[in-house]
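Architecture and fold: a report
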Amino acid sequence: MGRLDTDFRAKRDAGRKLLVPYVTGGLTGWQDAVRAAAANGADAIEIGIPFSDPVMDGPVIQEASLRALTAGATPVSILEEARDLDVDIPLAVMLYYNTVFRFGHRRFAELLIASGISAAIVPDLPLEESVEWTRAADASDVDTVMLAAPTAPDERLPRICARARGFVYSVGLLGVTGERDTLASTATTLAARLKKITDVPVIVGVGVSNAAQAAQVCAVADGVVQGASVVRRLMDGGADAVGDYVAEVRVAIDAVASAAPVAVITA
Amino acid sequence: MSLMAEPTAEGRFGEFGGRYVPETLIPACMELEAAFREAWSDPAFRAELDELLRSYAGRPSMLTECHNLSAQLGVRVILKREDLNHTGSHKINNVLGQVLLAQRMGKKRIVAETGAGQHGVASATAAALLGLQCKVYMGAVDVERQALNVFRMKLLGSEVEAVHSGSRTLKDAVNEAMRDWVATVESTHYCLGSVMGPHPYPWMVREFHRVIGNEAKVQCADLLGGDPDLVIACVGGGSNAMGIFSGFVDSPKTALIGVEPAGGAAVGRGIPGVVHGMKSYLMQDEYGQVLEAQSISAGLDYPGVGPEHSYLASIGRAKYETVTDPEVIEAFQVLARTEGIISALECAHAIAWLIREAGRFQGQTALINLSGRGDKDVAQMMDILEPELAAGGH
Ligand SMILES: Cc1ncc(COP(=O)(O)O)c(C=O)c1O
């Protein structure tokens, strides 16, 4: 187990709701945005490694990826810059599988650890294809977060949770990343299904678009990922806008945490 | 066992293939696999599809012997006339199969990607015939160079969305169709247009195109008294090639040649990678970013290739060659002048390769899959060739 796993279980067990902002690596100001998020109450950061063909991403993160790639960002340059972040929370990368495959599984897992990254989220690497990567990741103590989707039959969810390290990423809706006016009902129903069967922290991401929606989600889940809403603020307003937003979401989900008793999980 | 048997349970041909898609789509891929397996072994489904292929698409497609071109090249040239199918290309074989299957699965809507627009037109056609809604994603560059097909799709009642991301060609249209499918998977079938994507698509699409090879095998036996020495097809994703190869892959005397554009040679210039749900040869940079293909032919403007082609290449059963845009433009004209056939730019790649390499195959017999007709390309060719024709060239 890596650092994300120990950290998140301890914080969750202490009754804290977990906040995971997403920042596209290589975007102008991205390191300052990570620092601002950490200083304003993030529990971990997802660093996006831009890919030429991001099929799980909507327009905002596509645009951010394109800007970063056009500016010359590569996985190597981003991981080098990550070493200088000096923040005191776990860092994860979110990337598409071809990036890992091209490097080689072991080499990539070792590079992550050497860069101060403790976890990886690979949205196009489902359970059935994950063995080679998770073997290498486990050997280097990189936590592999697994995704669970609203379409999964009941039979599939326990197998996903059994393979998840750090947290299980509960996909909030049928669709790609991006902000929505209202929270999809799938966001809380899937989180509730997962909470019933696992003691791995359950974090909802994709389509959770503001502080109020984050609070709605946290009434059921252990925490929330904030993606497009953070990246849009970074592109429009810079790192300070990200810091302000993370602080706002922090307050909203802390209110949920203090209102609800700590759930006791016996799974 | 045939070299073109079913893939493994994980959808692999050798090391290639698989199912690298977002978790949201995994149940849909599994459901599709089960539905296809069930339908494909149901004689009633097969009979319904066969009847549509016969009375609607116009199958069987015939063989044409090219006497003039044969005399010119010293190679006996036979064309498999997929260009004469309804909607003008081989794409209709796969689409009728998939849309029938979608209907059987209770889906109300299909989405499709298209490059040259031939798969989009075929999808729009089948959707109109079988009463499904249809939305086609097409790169903005292709919308421009294949304007006629865009209008045809609209005429057939489909919605066409121009895709402005990335290289604005086929690869980006696939991305956008997948994004749509992730959001609409409960009501929508993704009608993928080639032997690519996540399992079961490469296998299923090959099976729907097997009819090309099955017919050609029998037709060659009648015409030639046996198998040809060469079977040649152009390769974008690789569906028309897989269709015709399927008839001859187990015939050791027949060489199988896939022709890629020099600017989109996944097998020729690529290394194994993962995109669009599959592991296969892929044009990519040192960090795994997918490179943009560059070809005069919108239907072959794709940096990847179907995984079974990667497998056939890796075991040496099929050979993959490239031709350049100028060679294709020349071949397009040669076929028109010698045989009176205006071919699609895609299959003009196969013709171009044979014209260039004919010296090595004197006295042999070559079967070429003429995968589509050139109506859609005439406007583009007019821009390129008319100044030359007006100036009295040729
Ligand atoms: C006539 C024709 N041939 C070939 C292709 C390439 O597809 P594939 O390689 O799947 O046969 C296309 C694609 O648009 C086409 O229109």
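Scope of this entry: the structure provided in the associated data block. Please read these numbers as outputs of a predicted model, since none were measured by experiment. (Residues numbered from 1 in each chain as written. Chains lettered and ligands numbered in written order. Predicted model: local features only at pLDDT ≥ 70, side-chain atom pairs only at ≥ 80, totals over all residues. Heavy atoms only, no water.)

Quick word on the site of the ligand
All names here are of chain B. With respect to spatial proximity, 18 residues lie near the ligand, and among them S194, G236, G238, S239 and S371 are the closest. A distance of 3.3 Å separates an oxygen atom of the ligand from a polar backbone atom of G237. A distance of 2.7 Å is found between an oxygen atom of the ligand and a backbone nitrogen or oxygen belonging to G238. In the complex, 98% of the free accessible area of the ligand, which totals 390 Å², lies under the protein chains. Of all the cavities here, the one that holds the ligand is the largest cavity. (Near = heavy atom within 4 Å. Polar contact = N/O pair within 3.5 Å; in protein donor to acceptor, adjacent residues only side chain to side chain. Areas by Shrake-Rupley, 256 points an atom, 1.4 Å probe, with all protein chains shown as cover. 1 Å grid on protein atoms, 1.4 Å probe; cavity = no way out; pocket = protein on both sides within 12 Å on 5 of 7 lines; lining within 4 Å. Sits in = over half its atoms within 2 Å of the grid points.)

Details of the pairing of strand β10 (residues 255–261) of chain B
Residue and element names in this part refer to chain B. Counted residue by residue, β10 has six buried out of seven residues, so it is predominantly covered. One ladder, built from five bridges, connects strand β9 (residues 230–234) with β10; its direction is parallel. Its bridge partner being in β10, I232 is matched across the sheet by I257. Regarding topology, helix α10 (residues 239–245) serves as the crossover connection from β9 to the parallel β10, and that connection is right-handed. The pairing of β10 with strand β13 (residues 318–323) spans six bridges and is parallel. Looking at the pairing, E260 lines up with T322 of β13. (Buried < 20%, exposed > 50% of the residue type's maximum accessible area, 1.4 Å probe, protein only. Helix = DSSP H or I, 4+ residues; strand = E, 2+ residues; numbered from the N terminus. Pairing = 2+ DSSP bridges. Right-handed = clockwise from strand over helix to strand, strands pointing away.)

Structural notes on the nonpolar core
Within the largest apolar cluster, 96 residues are counted, with the highest numbers of intra-cluster contacts made by W30, I45, I47, L112, W133 and Y169 of chain A. With eight residues, the top contributor of residues to this core is helix α12 (residues 239–259) of chain A. The residues contacting I45 of chain A, other than those within four sequence positions of it, are V20, P21, V23, V34, A37, A38, I89, P90, L91 and A92 of chain A. Counting 68 residues, the second largest nonpolar core, distinct from the first, contains V21, L25, L96 and L130 of chain B. (Core = buried A, V, L, I, M, F, W, Y, C linked by side-chain atoms within 4.5 Å. Contact = heavy atoms within 4.5 Å.)

Focus on the packing of aromatic side chains
Evaluated as defined, the whole model comprises 16 aromatic pairs over all chains. Ring geometry for F8 of chain A and F167 of chain A: centres 5.7 Å apart, planes at 20 degrees, overall stacked. Taken together, the residues span a long stretch of sequence, with F8 of chain A in helix α1 (residues 3–13) and F167 of chain A in the loop between α8 (157–163) and β6 (168–171) at a distance of 159 residues. The exposure classification of F8 of chain A matches that of F167 of chain A, with both residues buried. With a centroid separation of 5.2 Å and 85 degrees between ring planes, the pair formed by W40 of chain B and F208 of chain B is classed as edge-to-face. With W40 of chain B in helix α1 (residues 26–40) and F208 of chain B in helix α9 (residues 201–224), this pair connects stretches of sequence that are 168 residues apart. Grouping residues by exposure puts W40 of chain B and F208 of chain B together as buried. One aromatic cluster in this structure is built from F36, W40, W203 and F208 of chain B. A cation sits over an aromatic face here: R46 of chain B above W40 of chain B, 3.7 Å from the ring centre. (Phe/Tyr/Trp six-rings, centres within 6.5 Å; stacked < 30°, edge-to-face > 60°. Lys NZ or Arg CZ within 6 Å of the ring centre and 35° of its normal.)

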